[in-house]
Every structure is written in structure tokens, then in C-alpha cells.
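What follows is each chain in one-letter form.
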Amino acid sequence: MTSSDVVIVGAGPAGLKAAVYLGRAGIDACVVDEYPVAGGRLLGQRYRQRGHWWVGRKVAQELLDSLSACPSVRLLLHTSVVGLSREDDRWQIRLSGADGNIEAKAVIVATGASEVPIPVPNWTLPGVMTVGGAQVMANVHGVRPGQRGLIIGLGALSFAVAQELAWANVELAGIVLPPFGPPFRWLGSVDEQWSRLVHWMHLAPIWMRPLQPALMRPQWCRRIMAAAPRRGLAVAGTRLRPNVRALRIVGDDRVQGVELVPCQGDAEPSGKPWVEPVDFVCLSGGLRPVPDIVKAAGAAVLESPGGLYDVPVSGPLGETTAPGLFVAGNVLGIEGAQVAMAQGQLAALGTVCWLTHSPDRSLEQERAFLAELEEARRKTLILFDPAWPEVQCRAEQAWRSRGESH
Amino acid sequence: MTGRLHGIGSAERQSPTVQFYLDGKIVTGMVGEPVAMSLWALGERTLGWNEESGEPRGVFCNIGHCFECRMTIAGQPDQRACLYPVREGLEVRRQPRPSALTIVDGMTRL
Ligand SMILES: Cc1cc2nc3c(=O)[nH]c(=O)nc-3n(C[C@H](O)[C@H](O)[C@H](O)COP(=O)(O)OP(=O)(O)OC[C@H]3O[C@@H](n4cnc5c(N)ncnc54)[C@H](O)[C@@H]3O)c2cc1C
Ligand code: FES
């Protein structure tokens, strides 16, 4: 067994930013990540904004460069954290395989998000992957997901990844709706799926942007989407096909096509199905936080119907209800990488205050970091789900009211 | 290697190659990339078979969450190939397809 003052679980933007802060303060810390490369989901992200490229891999490299100047921090890659428990006032972090345990005074959980897959008949065929899986394949490893693909589901990542695949010269047959009926109820009606498109309007071609105010209004949104031709609207380097649904994936031992059918809203199919020849399929059902080890560690988690919005009860510095256990990044709700970094910084500050038992913690520093978080939120490049601010507000209220009862 | 993308970012990615074994056969990958990515770039799609149904399985989430890419790597069973970095001489094996197959309808189990 080894020991560290602080263990950070996850080397994504939140975990790395927290590590840099601790490292600069000379605190002995260990960052554990199961991926063979540090950077988390930052590695696959790229945006083009007003003629500039924002490349996640470079941002990750900058964080790693800062970290290499911090001798008190070590990085343990390709190692999973499989358990977290508190014994005799110390945290025991159980690692996968023969790697044993690490003992720590404080832990920062920055395990990020996972994708919510959309089940489609035959979705287990090789060649069917989550849309984020295709992003990692193409952008992080430069591996071609296939020759021609199709995205099923109108999630936030659908448009971002469609654009990235277009930049990488990977052909797509478009973005279509998921199949009818259960188990897709949580996606909402077609109207609801269409109205969420408003949040990704910045990815729309210039000529569509004047339609944004109209799309904000459900009846207009419905009309515009219903009027879209079957071949779709040109969006994000591909074609958004809001009047086409996937019925099932076809192929023997790998994807050979997807059976599609024309439809109008939630009504029954409005035409004959056909098989679109593709050799890979990306399922896009959105993202959810991964607070599992926080829960396992005994900290309170705010539960939600279906579990898609489960988040730890947490304070402004990422404090949880368990002593010395902090959280940062997408475990707190789905937002962009800059927000995750700002949260990482706050959790590191919280950890330092906790380690040094300083009750009159640096309020000035805290205010500056909270301002950075707000700034990151304002400048966000991608909005995932408008429900998050409210969920996060409730998680913080729960944390405050817990404080009062003590 | 037709499964590699050229263009954006590829310049940063000129890593040296490594040779490793897939089911005893020598194959090539790029240093440090996950086993599943080397195999995907080589056109391999089936990384294993479901233990009950015998249906083929490939890369699904690509970040360690779904456990669909389980293979025997360096003698250890059930390693996630999407997380395991390739290195020179690494032994990678597909786990055997079950002989008695049970039909599993993944949709009705939801
Ligand atoms: C597949 C995917 C694609 C995404 N694409 C985009 C995008 O294009 N644009 C965008 O703005 N946002 C995207 N996001 C959202 C993304 O979560 C945030 O942008 C940001 O990366 C969150 O940072 P984080 O540090 O909280 O988590 P992450 O970046 O997800 O990092 C978490 C890290 O923790 C590690 N980890 C998790 N559990 C364990 C464990 N038990 N043991 C050891 N290590 C563990 C993971 O390997 C990972 O490296 C994506 C998310 C996912 C899941
Ligand atoms: S593909 Fe999901 S764990 Fe490897």
C-alpha cells in the first residue's frame, strides 16, 4: 500500500486542473485514471469559433506541462479505482488488478460523464458505437470508425461529432431519429426532441440562424421540422433528417446498413422503409454524470427518476457530505471542459482548506475562482441540457440545508 | 493501414509502430494506443462473443464504461481492450465463443 495526502480520481480537465493547483501548493497528490492517456474527454474535443480552433488535446497538454513542473504530484494511468471507503479517518482507495490500495487524507472525485445509449434493435452488432466512442476513435486516435456512418438520436454530441467527422473526411448518411415507442420514453415526444434543437443552433448554417426565434416557439419548430425534406437539412457538415426514423440495424457479424422509414412527428410511418447502406452507426442519447464511487463512499447523492440526473449533494467548493471527499467536473452535471476546469480549481481549494483545517479559508481566492466558473459558463461553447442549472441548484441547496441542521 | 485517418491532427500522431499478437498472429499498432484501436484500424470488428448468445461484440463506448470489448490480454481474461495500451510483443486473444448458444433478445431485457 502507498499513501498520498490527496488522491484525485480522473485525469480529465477537472482532475488535472485540481492537480495543478495542489502541485503548485506543494501538496503530495496522486492522480489515478484508467485510460492510458491523461486528459479525459478533453482529448477528443475541437471547436471552430470565429475562425479560431479550440483543440482540447492542446489544452490537456498545457495542463500536463504545468503538472510536470510539480514534483509533488504523480500520475497513475491505466489504473481503475474500484472502491472507496473511509477507515480510521483516512480514505482507502482500492485499485484494479494487482495495483493494491492507496491511502489518503482527502479525495477529489472527477470521474466525468458517460453516454446514455439509445437501444435500437441489433445495437450489439460490431460497428454500432456511441457517438462519443466514434469521437474518441477519430479525434484521439486517428482511427476511421468506418467508411460511411449514420447518427441515431438528436443529442448535443450528435452535431459536434458530425462536424468533427466531416472535418476528418468520414462520410455520414445523416442524423436521424431513434425508433418509435418504449424504451425511448425518456427521450420525450418528437416535438420535445425537435425543440431541444434550439440549443445547438450555433452549429446551424448561417441561413438557418434567422429562424432561431421561430424555432424557439414549439408550433413554429414543429412546422419547420415537418417541412424538412426527407434528405434533410444541411447542418454541422451532415444532414439533419428530422422526418426519418431508424427502425433497426442490419448485418450478420457487422453493421451493413440501417433500416429507415419516413415519418411525420410522432405519427405512424408516412412511407415505405428502406435500408441505408452504412458500416458504422453512432447512438446519441446524451450524457449523464458518473457519481457511482461518490455514492459507494457513503456521500449523499440527489437522486432523480431514471437516474439520469443523479448528482452528489455538494457545496461551492465541491464539498460532499462525507469528510474530506470532494467532487469536480461532469460528476456535478454535464457542462463543457472549461467549466470542469473551474470546478477542479474550486475543489482543490476546498481540499487545501480541509487539509489545513483553516476555518477562515481564503475568501478572496474563493470569490476569484467562483467568478472564473461563472465566466466559463457564460462563454460555454456547447450547451448540453437546459435542465442542469436547476438540478445543480437543488444539489447545493441540499448541501446548505444539511449544514444548517448540524 | 486504410483504417487510419489522415488530415486533422495526424501530424501529431506519427508515433512509432509496435508489433503484437492477435490470436497468435503478428499484427501492427501504434505505440501507446489502446489495443481496440489498433485492431479497429486493421479492419477487425469482432473482438469477442457474448458469453450467452455467442453473438459478436465490438467496440461500443470506447472509454471503458460498457465492458463489451473484453479480451484476454497478457494472459489476463476480461481486460477492456479500449483501455489497454499496446506494446511490443503483447499477447491479445479473443475469448472463446460459447458452444451452447442461448438466444438473447437484448431489447426485451430492457
Ligand atoms: C464520450 C464523451 C464525449 C464528450 N464530448 C464532448 C465534446 O465534444 N464537447 C464538450 O464540450 N464536452 C464533451 N463531453 C463532456 C465532457 O464530459 C466534458 O467536456 C469534460 O471533459 C468533463 O471533464 P471531467 O474532468 O469532469 O471528466 P472527463 O473528461 O470525462 O474525465 C474523467 C476521467 O476519469 C477517468 N475515470 C472515470 N472513472 C474512473 C475510475 N473508476 N478509475 C479511474 N479513472 C476513472 C476517465 O478515464 C476519464 O479520463 C463528452 C463526454 C463524453 C463522455
Ligand atoms: S468499448 Fe466499452 S468498455 Fe471498451
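Residues numbered from 1 in each chain as written. Chains lettered and ligands numbered in written order. Predicted model: local features only at pLDDT ≥ 70, side-chain atom pairs only at ≥ 80, totals over all residues. Heavy atoms only, no water.

(A) Region of the structure containing the overall build of chain A. A tally of regular secondary structure across chain A gives eleven helices and 21 strands. Relative to the compact-globule value of 22 Å for 406 residues, chain A shows a C-alpha radius of gyration of 22 Å, a close match. Oriented by its inertia axes, the alpha-carbon framework of chain A measures out at about 65 × 45 × 40 Å. By the burial criterion, 58% of the 406 residues in chain A qualify as buried. Carbon together with sulfur atoms contributes 52% to the accessible area of chain A, which is approximately 16,800 Å² in total. Between the centroid of the 39 positive side chains of chain A and the centroid of its 38 negative side chains there is a distance of 9 Å. (Helix = DSSP H or I, 4+ residues; strand = E, 2+ residues; numbered from the N terminus. Rg over C-alpha atoms; globule rule 2.2 N^0.38 Å. Buried < 20%, exposed > 50% of the residue type's maximum accessible area, 1.4 Å probe, protein only. Areas by Shrake-Rupley, 256 points an atom, 1.4 Å probe, with all protein chains shown as cover. Lys, Arg positive; Asp, Glu negative; His and termini not counted. Charge placed at Lys NZ, Arg CZ, Asp CG, Glu CD.)

(B) Fine view of the packing of aromatic side chains. Tallied over the full model, the rule gives five aromatic pairs over all chains. A ring pair is formed by Trp123 of chain A and Phe60 of chain B, whose centres lie 6.0 Å apart and whose planes are at 85 degrees; its orientation type is edge-to-face. Of this pair, Trp123 of chain A sits in the loop between strand E9 (113-115) and strand E10 (128-130) while Phe60 of chain B sits in the loop between strand E4 (56-57) and strand E5 (70-73), which puts the two residues in different chains. Here Trp123 of chain A and Phe60 of chain B have matching classes, each one buried. The residue whose ring lies beneath Arg41 of chain A is Tyr35 of chain A, and the NZ or CZ to ring-centre distance is 5.5 Å. (Phe/Tyr/Trp six-rings, centres within 6.5 Å; stacked < 30°, edge-to-face > 60°. Lys NZ or Arg CZ within 6 Å of the ring centre and 35° of its normal.)

(C) Representation of the domain arrangement of chain A. Residue and element names in this part refer to chain A. For chain A, the assigned domains are domain 1 (2-115 + 288-405) and domain 2 (128-285). Taking only C-alpha atoms, the centre of domain 1 and the centre of domain 2 are 32 Å apart. Residue-level contacts link 16 residues of domain 1 with 19 residues of domain 2. Approximately 1,400 Å² of surface area, both sides summed, lies buried where domain 1 meets domain 2, with 60% of it carried by carbon and sulfur atoms. Counting the contacts that link domain 1 with domain 2 gives eight residue pairs in polar contact (both at pLDDT 80 or more). Broken down by class, the residue content of the side of domain 1 that touches domain 2 amounts to nine nonpolar, two polar and five charged. (Domains from an automatic or database assignment. Contact = heavy atoms within 4.5 Å. Buried area = accessible area lost by both parts, 1.4 Å probe. Polar contact = N/O pair within 3.5 Å; in protein donor to acceptor, adjacent residues only side chain to side chain. Nonpolar A, V, L, I, M, F, W, Y, C, P; charged D, E, K, R; others polar.)

(D) Quick look at the pairing of strand E2 (residues 29-32) of chain A. On E2 of chain A, burial covers both faces: Ala29 and Val31 of chain A on one face and Cys30 and Val32 of chain A on the other are all buried. In this region the chain leaves strand E1 (residues 2-9) of chain A, passes through helix H1 (residues 13-24) of chain A and returns to the parallel neighbour E2 of chain A; the handedness of that crossover is right-handed. (Right-handed = clockwise from strand over helix to strand, strands pointing away.)

(E) Up close: the site of ligand 1. Residues and elements named next belong to chain A. Residues in close proximity to ligand 1 total 34 residues, the closest being Asp33, Tyr47, Val81, Gln135 and Asn330. In this structure, Gln45 approaches ligand 1 through a side-chain N or O atom, which is 2.9 Å from an oxygen atom. Measuring from a nitrogen atom of ligand 1, one finds a backbone N or O atom of Val81 at 2.8 Å. Calculation on ligand 1 without its partners gives an accessible area of 970 Å², and the protein chains cover 97% of this total. Of all elements in the fold, only H1, E9, helix H3 (131-140) and helix H9 (337-355) reach the threshold of two or more residues within the shell around ligand 1. Two domains share the shell around ligand 1, each providing at least three of its residues, namely domain 1 (2-115 + 288-405) and domain 2 (128-285). (Near = heavy atom within 4 Å.)

(F) Representation of the interface of chain B and chain A in the model. Residue-level contacts link 35 residues of chain B with 43 residues of chain A. In this assembly, chain B packs against chain A so that about 3,300 Å² is buried in total across both faces, 63% of it on carbon and sulfur atoms. At the surface where chain B touches chain A, the tally comes to one salt bridge. Note that Glu34 of chain A is salt-bridged to Arg80 of chain B, the shortest N-O span being 3.3 Å. The interface formed by chain B and chain A includes nine residue pairs in polar contact (both at pLDDT 80 or more). Looking at the side of chain B that touches chain A, the elements that each hand over two or more residues are helix H1 (35-41) and E4 of chain B. Ranked by residues supplied to the side of chain B that touches chain A, first place goes to H1 of chain B with three residues. Per-class residue counts for the side of chain B that touches chain A are 17 nonpolar, nine polar and nine charged. (Salt bridge = Lys/Arg side-chain N within 4 Å of Asp/Glu carboxyl O.)

(G) Structural detail: the pattern of salt bridges. Residue and element names in this part refer to chain A. Within this structure, the stated rule accounts for 23 salt bridges over all chains. When the shortest N-O distance is used, the salt bridge between Glu396 and Arg400 registers 2.5 Å. Taken together, the residues span about one helical turn, with Glu396 and Arg400 both in helix H11 (residues 388-404) at a distance of four residues. Look at Glu396 and you get partly exposed, because its relative accessible area is 25%.

(H) The nonpolar core, seen in detail. By size, the foremost hydrophobic cluster in this structure holds 117 residues, and its most contacted members are Leu22 and Ile108 of chain A together with Val35 and Met71 of chain B. By residue number, the principal contributor to this core is H9 of chain A, which donates eleven residues. A domain-level breakdown of this core finds at least three residues from each of domain 1 (2-115 + 288-405) and domain 2 (128-285) of chain A. (Core = buried A, V, L, I, M, F, W, Y, C linked by side-chain atoms within 4.5 Å.)

(I) A look at helix H10 (residues 363-378) of chain A. Residues and elements named next belong to chain A. If you check H10, its first and last C-alpha atoms are 22 Å apart, about what 16 residues at 1.5 Å a residue would give, namely 22 Å. By the burial criterion, the buried members of H10 are Glu366, Phe369, Leu373 and Ala376. Buried positions in H10, seen along its axis, are confined to an arc of 80 degrees and lie on one side of it. When the buried face of H10 is taken as reference, the exposed residues oriented beyond 90 degrees from it are Glu364, Arg367 and Arg378. (Expected span 1.5 Å × (residues − 1). Arc of directions from axis to C-beta.)

(J) Quick peek at the sheet that holds strand E2 (residues 25-30) of chain B. Residue and element names in this part refer to chain B. Read from one edge of the open sheet, five strands run E2-E1-E7-E5-E6, paired in mixed fashion. This sheet does not close on itself; its edge strands, each paired only once, are E2 and strand E6 (76-80). The mean inter-strand angle of the sheet, taken between neighbouring strand axes irrespective of direction, is 40 degrees. As defined by bridge partners, E5 adjoins E6 across three bridges and the pair is classed as antiparallel. Residue Ile73 lies in a different strand from E6, and its bridge partner there is Gln76. (Pairing = 2+ DSSP bridges. Axes fitted to C-alpha atoms, helices over the stretch in contact; angles between N-to-C directions.)

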